[in-house]
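Here are the chains, one letter per residue:
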Amino acid sequence: MLKKFPDDSIGLVAPQAIEFTEPLALTCGRSLNQYTLMVETYGELNADKSNAILICHALSGHHHAAGYYEGDSKPGWWDSAIGPGKAIDTNKFFVVSLNNLGGCHGSSGPNQTDPQTGKPYGPDFPLMTVKDWVVSQARLADHLGIQQWAAVIGGSLGGMQAMQWAISYPERLRHCMVIAAAPKLSAQNIAFNEVARQAISKDPHFYDGRYYDHNVVPKTGLMLARMVGHITYLSDDGMREKFGREMNAGKLMFDFNPQFEVESYLQYQGERFSTAFDANTYLLMTKALDYFDPASEFNHDLAQALQHVTAKFMLIAFTTDWRFSPERSREILDALVDAGKEVSYTEVDSPQGHDAFLIPIPRYMEIFNAYMGRIAADVSIEKPGDIKTPAKESAHAR
Amino acid sequence: MRADQEIIHEWIKPAARVLDLGCGDGKLLRHLMDNKQVRGYGIENNHDHITACIKNNVNVIEKDIDKGLASIKDNSFDSVIMTQALQVMHRPDLIVDEMLRIGKECIVTFPNFGHWRARSYLGFRGHMPVSKFLSYSWYDTPNIHFCTFKDFEQLCVQKNIHILNRTVVDNEHQHRWWTNLWPNMLGEIAIYRITR
């Protein structure tokens, strides 16, 4: 536990569970009669409710985007970007982040209790699409009294949600920031996801997704899935720089135990993930990624899909990202230009691969800051002093 | 407002869709957005300029113009502008083709190497011209394709490019009546409005 939080941290935060009782019809044809969303908010909503920012999480993310929990030494997953004086300045903005439906961190999902059966949903939890998530997030906005987001922001799968927001609810967001994303997955992307799913579903402890009944988890499968995923999040150069061919023992051991440092690293990451994440959620989230293709409803013409958007877009890509390469972001860019929409695009030079979107690379933060300044000016939040209550106190209050 | 930008301003139709290649900090686009209600994008690859554009509330796209503009559709802009960047392009002729493919009209400005000062610098001193306006040495200059008014107009003839307007200003971007008497000798900056 940290004794003192860094000055630019929002400090101690706590999530809240919000219950929804209006049935939610899903793309798969099924519906959720009632559901819970786990939500965190930072900063203060201003009087005209114009300063709200929605943060959409990526594949394995959740509602804890910034600040610290009681007893934690590590902050939320995007603490580098959210906080007082940071790119998403909590002195100016009211920030909302949530765990998506189907997630495994408190929102309704496979590892949560189905109120109808009293048992975990398991594999019976319906498959979600990005579009479904956006509908559920719109309901969350209604609940919070937010008619229009100043911006919806996300990286990777989160960027896809931001883009879907602009398509589904054109009038409900002013700005849309899509970072390290793609308009749809490539066959290669889907292939990696399928390897991950096979690793999980072939684990002897998977029991067709009913492992909760057996008091076990498909740990090996989940670990392998994460290892494959992790490789795709890094870049060749980044891995070479970080690990090279360094060996733990300094010499060849002629056995199959991990001896290169990259092997140990992946095993450690996989291991850690397999104890913190739910296997059914991993299957569900990768499927949501595979299914995302907003152009498919518009003759496979992305420009047409974006025809009615009114949000101003900021697209950011990273040079060494091969999971969603700059080329994929440029597909979104070209469609937006083609549709005559407002868009800016930048490509950040970084060796970190896809993971770069979570790292405070100076050039990335400079662009992020500049664009957030533009948003602040757009919704007339000129000075940080406009909002009286310090963010830290409000976080405590929750 | 610089005189060359004032001239460009006059040539742009209200509410036009504009693409500004090598847009710098976005000042010209900002001015056109504020005063002519144009909609548009700047294209830049200089990081500081990109940041400045975003701060100026100008839509900017990071792109190396030399790598082409193939992803932009034919005739999708009313005007494509390139101010003071033609001379840094690897293939100015191909860029002009691209500009005319994308835009219904194009505006190009470039330094005139046929200006008397440049001529006398080279003629009398035997050195590549260096001035306050073009302050680089031959080895570190980003300007790799200098041309004169005559050269540019010859290119237009070869490519069947129609010159709608031509004007010249001096290095302080002032428009002086006498420069038009002998533009290739007296004009320091050329401003052309061209179309197919």
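Residues numbered from 1 in each chain as written. Chains lettered and ligands numbered in written order. Predicted model: local features only at pLDDT ≥ 70, side-chain atom pairs only at ≥ 80, totals over all residues. Heavy atoms only, no water.

Under an unreviewed UniProt entry, the name given to chain B is Methionine biosynthesis protein MetW, and the organism recorded is Neptunomonas japonica JAMM 1380.

If you look chain A up in an unreviewed UniProt entry, it shows as Homoserine O-succinyltransferase from Neptunomonas japonica JAMM 1380. For the record of chain A, the UniProt heading Subcellular location (unreviewed entry) holds the text "Cytoplasm". Regarding chain A, the UniProt comment filed under Catalytic activity (unreviewed entry) reads as follows: "L-homoserine + succinyl-CoA = O-succinyl-L-homoserine + CoA". (UniProt positions renumbered as here; feature names shortened; annotations may be inferred.)

Trainee: Any details on the UniProt feature "site: Important for acyl-CoA specificity" (unreviewed entry) in chain A? Residues and values, ideally.
Mentor: Residue and element names in this part refer to chain A. Listed under "site: Important for acyl-CoA specificity" (unreviewed entry) in the UniProt record, and renumbered for this structure, are R323. Structurally, R323 can be placed in the loop between β11 (312-318) and α9 (326-338). With a relative accessible area of 5%, R323 lands in the buried category. (Helix = DSSP H or I, 4+ residues; strand = E, 2+ residues; numbered from the N terminus. Buried < 20%, exposed > 50% of the residue type's maximum accessible area, 1.4 Å probe, protein only.)

Trainee: Explain the packing of helix α1 (residues 3-11) of chain B against helix α2 (residues 27-36) of chain B to me, and be specific about the residues and the numbers.
Mentor: Residue and element names in this part refer to chain B. Relative to each other, α1 and α2 sit at 45 degrees, their axes nearing to 11 Å. Comparing the axis directions of α1 and α2 gives the class oblique. Here α1 runs over α2; the crossing is right-handed. Of the residues in α2, those in contact with Q5, I8, H9 and E10 of α1 are L28, H31, L32, N35 and K36. Class assignment for the residues of the contact of α1 with α2 results in three nonpolar, four polar and two charged. (Axes fitted to C-alpha atoms, helices over the stretch in contact; angles between N-to-C directions. Parallel < 35°, antiparallel > 145°, perpendicular 65-115°, else oblique. Left-handed = near helix turned anticlockwise from the far one by under 90°. Contact = heavy atoms within 4.5 Å. Nonpolar A, V, L, I, M, F, W, Y, C, P; charged D, E, K, R; others polar.)

Trainee: For the side chain of T232 of chain A, give the residues involved together with the corresponding values.
Mentor: Residues and elements named next belong to chain A. For T232, the location among the structural elements is in helix α4 (residues 219-233). Within the structure, T232 has its side chain in polar contact with the side chain of R323 (distance 2.7 Å). Sequence-distant contacts of T232, defined by excluding residues within four places in its chain, comprise F192, W322, R323 and H354. (Polar contact = N/O pair within 3.5 Å; in protein donor to acceptor, adjacent residues only side chain to side chain.)

Trainee: Can you explain the interface of chain A and chain B? Please cite residues and give values.
Mentor: Across the boundary between the two partners, chain A contributes 20 residues, which contact 17 residues of chain B. With both chains or domains summed, chain A and chain B bury close to 1600 Å², and 48% of this area falls on carbon and sulfur atoms. Summed over the three residues of chain A that lose the most area to chain B, namely V337, R363 and R374 of chain A, the buried surface amounts to 30% of that side. For the interface between chain A and chain B, the tally reads one salt bridge. Residue D338 of chain A is joined to K73 of chain B by a salt bridge in which the shortest nitrogen-to-oxygen separation is 2.6 Å. Where chain A meets chain B, there are 15 residue pairs in polar contact (both at pLDDT 80 or more). Mapped by element, the contributors of at least two residues to the side of chain A that touches chain B are α9, β12 (343-348) and α10 (362-378) of chain A. With six residues, the single largest contributor to the side of chain A that touches chain B is α10 of chain A. (Buried area = accessible area lost by both parts, 1.4 Å probe. Salt bridge = Lys/Arg side-chain N within 4 Å of Asp/Glu carboxyl O.)

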